[in-house]
Amino acid sequence: MVRLTFIALVLAQALPAAGTADVCEQKVPASLRSALKKKFPGFRPPRLGDQDADSTEFNRHAGGDGCITVARGDFDGDGQKDVAILLTNGKSDDVRLVVALRRATSWAIYRLPTWCGSISACYVETVKPGLFKRTESLDIPLSSPDERDYLRSRTENVLSGTVEATGIVYAHSGGKWRYVWVED
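Residues numbered from 1 in each chain as written. Predicted model: local features only at pLDDT ≥ 70, side-chain atom pairs only at ≥ 80, totals over all residues. Heavy atoms only, no water.

**A short note on the packing of aromatic side chains**
Describing an aromatic ring pair means giving the distance of the ring centres and the angle of the ring planes. As enumerated under the stated definition, the model contains four aromatic pairs in all. For the ring pair Tyr-110 and Trp-177, a centre distance of 6.0 Å and an interplane angle of 65° mean the geometry is edge-to-face. Highlighted residues: Tyr-110 in strand β4 (residues 107–112) and Trp-177 in strand β10 (residues 176–183), separated in sequence by 67 residues. Assessed through its relative accessible area of 24%, Tyr-110 is described here as partly exposed. Classification of Trp-177 by relative accessible area gives buried; the value is 8%. Each ring, one from Trp-115 and one from Trp-181, has its centre 5.0 Å from the other, and the planes form 50°; the classification is tilted. A residue pair is termed long-range when its members are at least 10 positions apart, and Trp-115 in the loop between β4 and β5 (122–127) and Trp-181 in strand β10 qualify at 66 residues. With a relative accessible area of 43%, Trp-115 lands in the partly exposed category. (Phe/Tyr/Trp six-rings, centres within 6.5 Å; stacked < 30°, edge-to-face > 60°. Helix = DSSP H or I, 4+ residues; strand = E, 2+ residues; numbered from the N terminus. Buried < 20%, exposed > 50% of the residue type's maximum accessible area, 1.4 Å probe, protein only.)

What follows is the structure in structure tokens.
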């Protein structure tokens, strides 16, 4: 009986109550969900259950809400909360990194390059303004005109990659997105 009670308590904490929105879904406004569905048919916003359980638990112990696939911040410096999100098609390991900048009545949506192969292994978070330098462990040439050896940003930025493996900082400036590998 004690064992059954313990299992019930663990499940009650792990699963959202009926009718309760998923913590990741709660971070994505309805207007953005609608815009993403139109722009990326076949893809959907992530759910908490898409993520690796160890990563979710680690995030909670660090004071987070467990959702490491949606981040909010002011990425363009206009004072509005924008959203960085990893979309999944739910059928394969195809992942899309998308940043949606809030506008008065809509969203400016950008698809950014990502090298993350599976939603369960990916993360996205907000990082403060600063100077970001390319990791010294990468000894290959820059691969894109938008890739940089370093970035200096005065706004919040997007950090995304593979959990415990890679990290790429994306900064928005002058209407463009630039990025630098900070971990490899």
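**Quick look at the sheet that holds β4**
In spatial order, the strands read β1-β2-β3-β4; together these four strands make up an open sheet with antiparallel pairing. If you trace the sheet from one side to the other, it starts and ends with β1 (70–73) and β4, each paired once. Strand-to-strand twist of the sheet, defined as the mean angle between neighbouring strand axes without regard to direction, takes the value 20°. In this sheet, β4 lies alongside strand β3 (residues 95–102) in antiparallel orientation, the contact comprising six bridges. Bridging from a neighbouring strand, Leu-97 pairs with Leu-112 of β4. Helix α3 (residues 30–39) contacts β2 (82–88), β3 and β4 of the sheet and is inclined by roughly 50° relative to β4. (Pairing = 2+ DSSP bridges. Axes fitted to C-alpha atoms, helices over the stretch in contact; angles between N-to-C directions. Contact = heavy atoms within 4.5 Å.)

**With respect to the nonpolar core**
Judged by nonpolar contacts, the single largest core of 21 residues is most densely connected at Val-99, Val-158, Tyr-170 and Trp-177. Within the residue set of this core, elements represented by two or more residues are β2, β3, β4, β5, β9 (167–173) and β10. At four residues, β3 tops the list of elements feeding residues into this core. If near-sequence neighbours (up to four positions away) are discounted, Trp-177 is found in contact with Phe-75, Val-99, Leu-101, Tyr-110, Leu-112, Asp-146, Val-158, Tyr-170, Ala-171 and His-172. (Core = buried A, V, L, I, M, F, W, Y, C linked by side-chain atoms within 4.5 Å.)

**Comments concerning the sheet that holds β5**
Sheet architecture is open: four strands sit in the order β5-β8-β9-β10, paired in antiparallel fashion. Of all strands in the sheet, those bounded by a partner on one side alone are β5 and β10. Ignoring strand direction, the axes of neighbouring strands in this sheet form an average angle of 25°. As judged from the six bridges shared by β5 and strand β8 (residues 157–162), these two strands associate in the antiparallel manner. The partner of Tyr-123 across the bridge, within β8, is Gly-161.

**Thoughts on unusual backbone geometry**
Positive phi is not limited to glycine here, since Glu-164 has a value of about 60°. Along the chain, the position of Glu-164 falls in the loop between β8 and β9. By relative accessible area, Glu-164 is classed as exposed at 82%.

**With respect to the state of the cysteines**
As enumerated under the stated definition, the model contains two disulfides in all. Sulfur-sulfur distance for the disulfide between Cys-24 and Cys-67 comes to 2.2 Å. Residues Cys-24 and Cys-67 are joined through a disulfide that is right-handed, its torsion about the S-S bond being 120°. Residue Cys-24 is located in helix α2 (residues 23–26), and its partner Cys-67 is located in the loop between α4 (53–61) and β1; the two are separated by 43 residues in the primary sequence. Of the two residues examined, Cys-24 and Cys-67, each falls in the buried class. (Disulfide = S-S within 2.5 Å.)

Remember, this is a structural readout, not a statement about activity or role.
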